[in-house]
Amino acid sequence: MASETPLCPECDGEVEIPADAMENELVSCAECGMELEIMNLDPLELELAPEVEEDWGE
Amino acid sequence: MIRAGIVGGSGYTGGELLRLLHFHPNVELTQITSREHAGRYAHTVHPNMRGVSRLKFIHPDALDACDLLFLALPHGTVARKIEDYARLAPKLVDLSADFRLDCAASYEKYYGEEHPAPRWLYRFVYGLPEVNRGSLTGANYISGVGCNATALNLALLPLVQAGLLERAACEIKVGSSEGGNKSNPGSHHPIRSGAVRSYKATGHRHMAEARLVLGEDFPLHFSVTAIELVRGIHLLAHCYLNEPKVERDIWRLYRGRYRDEPFVRLVSGRAGLHRLPEPRVVAGSNYCDIGFELDEDGTHLVVIAALDNLGKGAAGSAVQSMNLMLKLEETTGLEFPGIYP
């Protein structure tokens, strides 16, 4: 895995990746909360995970 | 240990100062004044302090000299006695609006009267650490901040400093404690409860502080509406940018400006119930939460800020500024994150 801290594709915040992470695993950005999918480990590629649309019942 | 006093300790801001200073490790609160309640325990007015503080209110005429005085009096009263307070303590933190502005003409324009002590205006440093940290460090005279102005200033400052803001129109929703602890017909429960009352759609005097911090170079409008809330301010600002941006640009901009600020948090989440700032989350704390959402065209940005009007909007900022004044760790006594839910 690349040693550089990966950045969130949504907010550019630094994303922590567990040492034992696997491809297609979901991780979260601590800053914007976006769920991210690990598309590739080497080189590391993160993409926004599909979201369930939320209308809060309103 | 700094020996401090609170002048005007029976109001809501005085009570908040009492709560914060009581637990401050470098401050010994030795006196608190109230004309109306002199001789009574402070907890008779601030019941959250029962069993915590044994301080009794004293009459203001009985004030002793001390190291530092917090002045939590109604606007217009401090300036008339500023020489007396300065004789009692070498360091003053004034939470009223009397010394927030840097020029007498501006004070007269927004507060409707001639400033009673204009030569003192220039001695005070405006107590917003995020803007004036250097000048506050070691200062002797610090002015507190206006709560609505603080929400505006912190929300818009990164856009202004980046030269991105073309104009902004803001709505600020506020709780009842902003009105102070003196009742009036508008604060009577049947009238105030459930209210959604726009009481200052234009011309709010906190505009003076916003212009002081943000400058005069762009059109700025804000209105204020009282809602069913005791503590808290919710600012929603429609900002029009002079060039299109993407959301990551906004994140970079705000993160760059506030990364090292201990009491400004960026809340623009994609997960959880509270995805944008909300006053209840910061109630009782010194935090100002700021979030944003960018419209598809990239130039219409909605910025939202939330803070506690008695915390970051008054007593919290005052204590944060005092820490700088005394060259203490800036966050001392203010680490409390608030309560939830």
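Scroll up for the structure.
Predicted model, so just to flag it, every value in this text is computed and none were measured.

Criteria and cut-off values
Residues numbered from 1 in each chain as written. Chains lettered and ligands numbered in written order. Predicted model: local features only at pLDDT ≥ 70, side-chain atom pairs only at ≥ 80, totals over all residues. Core = buried A, V, L, I, M, F, W, Y, C linked by C-beta atoms within 7 Å. Buried ≥ 20, exposed ≤ 12 C-beta atoms within 10 Å, placed from the backbone. Helix = DSSP H or I, 4+ residues; strand = E, 2+ residues; numbered from the N terminus. Domains from an automatic or database assignment. Contact = placed C-beta atoms within 7 Å. Pairing = 2+ DSSP bridges. Right-handed = clockwise from strand over helix to strand, strands pointing away.

Enquirer: Whenever I open this one, the nonpolar core confuses me. Can you help?
Expert: In a soluble, globular protein the nonpolar side chains are often hidden away together inside. Residue and element names in this part refer to chain B. Membership of the largest hydrophobic core comes to 108 residues, with the highest contact counts inside it found for Phe70 and Ala305. A per-element tally of this core places helix α6 (residues 147-161) first, with nine residues. The residues that make up this core include at least three from each of domain 1 (2-123) and domain 2 (147-309). In this structure Phe70 touches Ala4, Ile6, Val7, Leu17, Val93, Leu95 and Ala318, once residues within four positions along its chain are discounted.

Enquirer: So what exactly am I meant to see when it comes to the environment of Glu166 of chain B here?
Expert: Residue and element names in this part refer to chain B. Relative to the helices and strands, Glu166 resides in strand β8 (residues 165-174). Classification of Glu166 as partly exposed rests on a count of 14 C-beta atoms within 10 Å. Measuring from C-alpha to C-alpha, the distance between Glu166 and Asn242 comes to 5.5 Å, with 76 residues separating the pair along the chain. Aside from chain neighbours lying at most four places away, what touches Glu166 is Phe218, Tyr240, Leu241 and Asn242.

Enquirer: Would you take a moment to explain the interface of chain B and chain A for this structure?
Expert: How big an interface is tends to be reported as the loss of accessible area on association of its parts. Taken together, the contact between chain B and chain A spans 10 residues of the former and nine residues of the latter. Considering each element in turn, the side of chain B that touches chain A owes the most residues, four residues, to helix α9 (residues 247-258) of chain B.

Enquirer: It is not clear to me how the pairing of strand β1 (residues 2-7) of chain B should be interpreted in this structure. Could you clarify?
Expert: Regular strands show a simple pattern: their side chains alternate between the two faces of the sheet. Residues and elements named next belong to chain B. The pairing of β1 with strand β2 (residues 27-33) spans five bridges and is parallel. In the strand pairing of β2, Arg3 is matched with Glu28. Remark: the β1/helix α1 (residues 12-22)/β2 crossover connection has right-handed handedness. Strand direction decides the pairing type here: β1 and strand β4 (residues 68-71), joined by four bridges, are parallel.

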